[in-house]
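Now for the letters of each chain:
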Amino acid sequence: MLELAALGLLQQQPLHGYRLKQQLEQFMSGCISVNYGAIYPLLRRLEDRGDIMTQTEEASQGGPSRKIYQITSQGRDRWKQEMMAHPHESWVNARSRFCIKVFFFSHIEPAERLKLIKHRLMTCRLRLESQQAEPTPSDPYQAAIGQRFEMVLQDEIQWLVLQLQQEKLDSLDSPPQPASMSLDRFTAYSEFS
C-alpha cells in the first residue's frame, strides 16, 4: 500500500523523502501508517527497479543534500497495475488500499473508477451477508461490536452506491475525462475505514 501511495504522490509532483512522508501523513493517515524507517528503503527499492529516478539533489541548510525523486514511465505503468489490482489480503488492508485508490481516482479513467467501485461494492455486500449469517454472540459486548461492524459495512455500501451513481452521471454529462474527487469526499469515506 505504501508503494501505491508513494508512486501516486510522485506522479503529482517530484518530491524528496521527507516531503513525501509529510504528504503521506497529511493526506492518507487514515489509511496507512508511515515511518521514516520505511520511506527511504522504499525509495531505494523503487529507484533500483526503475520506477522512480533522482531528478536533482537539493542542497539543505547545514545538512546533507536531499534527493528529489520523480516517477518514470515504468513507475506510472506499475502504479496503474497496482491501482487496478485486487490482491488477496485482510479485510482491514483491503479497506485501506481502497481508500488510497479513491484518493488517486482523478488519475485514472472513468471506466476504471467504475470498475474499482463496483468491485469494492460487491466485496462489501458479500462481507455483510457473511456477517449477518453468523449467529449473534451471547456476550453483549461482542454482539455490540458485531452490530457496529454491520453498521459500518452498511454505511460503506451506501457511500459506494452514491459514488457509483455519481460516476455514471458524470460520464453522461461530460466527455470522458478524469473527474476529481474533493478531499472532503475522501476524508468522509476514510473516517469509516
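The rules behind the values
- Residues numbered from 1 in each chain as written.
- Predicted model: local features only at pLDDT ≥ 70, side-chain atom pairs only at ≥ 80, totals over all residues.
- Heavy atoms only, no water.
- Phe/Tyr/Trp six-rings, centres within 6.5 Å; stacked < 30°, edge-to-face > 60°.
- Buried < 20%, exposed > 50% of the residue type's maximum accessible area, 1.4 Å probe, protein only.
- Lys NZ or Arg CZ within 6 Å of the ring centre and 35° of its normal.
- Helix = DSSP H or I, 4+ residues; strand = E, 2+ residues; numbered from the N terminus.
- Expected span 1.5 Å × (residues − 1).
- Polar contact = N/O pair within 3.5 Å; in protein donor to acceptor, adjacent residues only side chain to side chain.
- Axes fitted to C-alpha atoms, helices over the stretch in contact; angles between N-to-C directions.
- Parallel < 35°, antiparallel > 145°, perpendicular 65-115°, else oblique.
- Left-handed = near helix turned anticlockwise from the far one by under 90°.
- Nonpolar A, V, L, I, M, F, W, Y, C, P; charged D, E, K, R; others polar.
- Core = buried A, V, L, I, M, F, W, Y, C linked by side-chain atoms within 4.5 Å.
- Contact = heavy atoms within 4.5 Å.

> Explain the packing of aromatic side chains to me, please; I cannot follow it from the model alone.
A ring pair, where both rings are aromatic, is described by two values, the distance of the centres and the angle of the planes. Within this structure, the stated rule accounts for three aromatic pairs. Between phenylalanine 98 and phenylalanine 105 the ring centres are 6.2 Å apart and the planes differ by 90°, which places this aromatic pair in the edge-to-face class. Relative accessible area serves as the criterion here: at 2%, phenylalanine 105 is assigned to the buried category. Ring centres 5.1 Å apart and planes at 85° place the aromatic pair phenylalanine 103 and phenylalanine 104 in the edge-to-face group. Residue classification places phenylalanine 104 among the buried residues on the basis of a relative accessible area of 0%. Taken together, Trp79, Phe103 and Phe104 form an aromatic cluster joined through their ring pairs. Directly above the aromatic system of tryptophan 91 lies the positively charged group of arginine 120, at a separation of 4.6 Å from the ring centroid.

> Got a minute to help me understand helix 7 (residues 140–173) in this structure?
Helix length check: helix 7 (34 residues) gives 49 Å between terminal C-alpha atoms against 50 Å at 1.5 Å per residue, within 8%. The set of residues buried in helix 7 consists of Gly146, Phe149, Val152, Leu153, Glu156, Ile157, Trp159, Leu160, Gln163, Leu164 and Glu167. Capping the start of helix 7, aspartate 139 holds a side-chain oxygen 2.8 Å from the backbone nitrogen of tyrosine 141, two or three residues further along.

> Even after reading the chapter, I still don't get the packing of helix 6 (residues 110–133) against helix 7, so can you show me in this structure?
Two quantities define a packed helix pair, namely the angle between the helix axes and the distance between the axes. It is the contact of helix 6 with helix 7, at a shortest axis distance of 9 Å, that shows an interaxial angle of 155°. As summarised for this structure, helix 6 and helix 7 are arranged roughly antiparallel, according to the angle between their axes. Here helix 6 runs over helix 7; the crossing is left-handed. Residues belonging to the contact of helix 6 with helix 7 are distributed by class as follows: 12 nonpolar, five polar and nine charged.

> Just to check I follow, could you spell out the nonpolar core for this structure?
Side chains that are nonpolar tend, in soluble globular proteins, to be buried together. With 45 residues, the main nonpolar core has Leu24, Met28 and Ile32 as its most contacted residues. Going through the elements one at a time, helix 1 (2–12), helix 2 (17–28), helix 3 (36–49), strand 3 (66–71), helix 4 (73–84), helix 5 (91–103), helix 6 and helix 7 are the ones with two or more residues in this core. Looking at this core, the element that brings in the most residues is helix 1, giving seven residues. Setting aside residues up to four positions removed in sequence, isoleucine 32 forms contacts with Met1, Leu2, Ala5, Leu24 and Ile100.

> For this particular structure, what's the right way to read helix 5?
For an α-helix, 3.6 residues make a turn, and residues three or four places apart therefore share a direction. Between its first and last C-alpha atoms helix 5 spans 19 Å; for 13 residues at 1.5 Å apiece the expected length is 18 Å, and the two agree. Counting buried residues along helix 5, 10 of its 13 residues qualify, which places the element largely inside the surrounding structure. Trp91, Arg95, Ser96, Arg97, Phe98, Cys99, Ile100, Lys101, Val102 and Phe103 are the residues of helix 5 that are buried.

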